[in-house]
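# Tertiary structure, described
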Amino acid sequence: EILLLLREAQDDTDNKAETNAYQTSLSSRNKANHQDVLSGKKILHAPFEIAGNMAMITKYLRLNNVNATCANYYDSWLEYKCDINLDVNTLPESKRINAIDNFAKSVIDKYDVFHFHFSHSLYPDFRDLEVLREKDKKILFSFWGSDECGAEWIYYQQARFLGYRPPKPYFLTLRHYHAHKIINLYADVMFGTRGIPRGIS
């Protein structure tokens, strides 16, 4: 019985070794494929840092030899720092759009892939998306929560979790709907949890 158990354990170890070898090989191939696709490309993450996500993604890309930069427009009490920090909210209101305009003009030709966060692009009115499309830039959007659904929907889910049964609100506000409609016209990929058109959860 002991010998049988030892043989079974050995078989398991061999299978695990084979599985690990296969997974390592697959991971290496995938990594190589990703690096080939992004080889020589410059990626910009902008304009909102949400929970440190832009900085973490940028760090991961750099660890995989991908040229990536993150730019945060607005500082918050959480004081997340990116490669570029415009701190637009510290400027007088009359100067904010100028700071955004100067930055946008300086990066449109410099980067190949634009990964936008929190349903915003380089400009508050999305005017850059058409320019980026004309210049054949790749456009990605990541949604992080309240940028993909209304606050009422979040409150509704919290109330249900606590055992209440409130009336079901609309998922999107009119502002969300308009933003998603524009983004959907230009984005190559949209990442989110739910409720975004043709999104990847």
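Structural data are supplied above this passage.
Analysis parameters
Residues numbered from 1 in each chain as written. Predicted model: local features only at pLDDT ≥ 70, side-chain atom pairs only at ≥ 80, totals over all residues. Heavy atoms only, no water. Helix = DSSP H or I, 4+ residues; strand = E, 2+ residues; numbered from the N terminus. Expected span 1.5 Å × (residues − 1). Buried < 20%, exposed > 50% of the residue type's maximum accessible area, 1.4 Å probe, protein only. Contact = heavy atoms within 4.5 Å. Pairing = 2+ DSSP bridges. Axes fitted to C-alpha atoms, helices over the stretch in contact; angles between N-to-C directions. Parallel < 35°, antiparallel > 145°, perpendicular 65-115°, else oblique. Nonpolar A, V, L, I, M, F, W, Y, C, P; charged D, E, K, R; others polar. Salt bridge = Lys/Arg side-chain N within 4 Å of Asp/Glu carboxyl O.

## Considering helix α3 (residues 93-107)
Here α3 spans 22 Å end to end across 15 residues, near enough to the 21 Å set by a 1.5 Å rise per residue. When we look at burial in α3, the residues that qualify are Ile100, Asp101, Phe103, Ala104 and Val107. Packing partners of the buried residues in α3 comprise β1 (42-46), β2 (67-72), β3 (84-85) and β4 (113-117).

## A word on the environment of Glu79
Positionally, Glu79 belongs in the loop between β2 and β3. Residue Glu79 is classed as exposed on the basis of its relative accessible area of 55%. Between the alpha carbons of Glu79 and Gly52 there is a distance of 9.6 Å; along the sequence they are 27 residues apart.

## Regarding the sheet that holds β3
Spatially, β3-β2-β1-β4-β5-β6 is the arrangement adopted by the six strands of the open sheet, whose pairing is parallel. The sheet is open, and its two edges are formed by β3 and β6 (189-191), each paired on a single side. Pairing of β4 with strand β5 (residues 138-142), which is carried by five bridges, proceeds in the parallel orientation. Note that in β5 the partner of Val113 across the bridge is Lys138.

## Regarding the packing of helix α4 (residues 127-134) against helix α6 (residues 174-186)
At their nearest, the axes of α4 and α6 sit 10 Å apart, and the two run at 10° to each other. Considering the angle they form, α4 stands roughly parallel to α6. Of the residues in α6, those touching α4 at Leu129, Glu130 and Arg133 are Ile182, Leu185 and Tyr186. Of the residues in the contact of α4 with α6, the class split is four nonpolar, no polar and two charged.

## Quick notes on the pattern of salt bridges
Under the counting rule described, the total for this entry stands at five salt bridges. Across the pair Lys105 and Asp101 runs a salt bridge, and its minimum N-O distance is 3.0 Å. Linking Lys105 with Asp101, this pair stays in helix α3, spanning four residues, or about one helical turn. Overall, Asp101 belongs to the buried group, its relative accessible area being 18%.

## Here's the deal with unusual backbone geometry
At the junction of Ala46 and Pro47, the peptide bond is cis and its omega measures out at -10° in the coordinates. Secondary-structure assignment places Pro47 in the loop between β1 and α2 (53-63). A positive phi angle, near 65°, is found at Phe118, a position not held by glycine. Along the chain, the position of Phe118 falls in the loop between β4 and α4.

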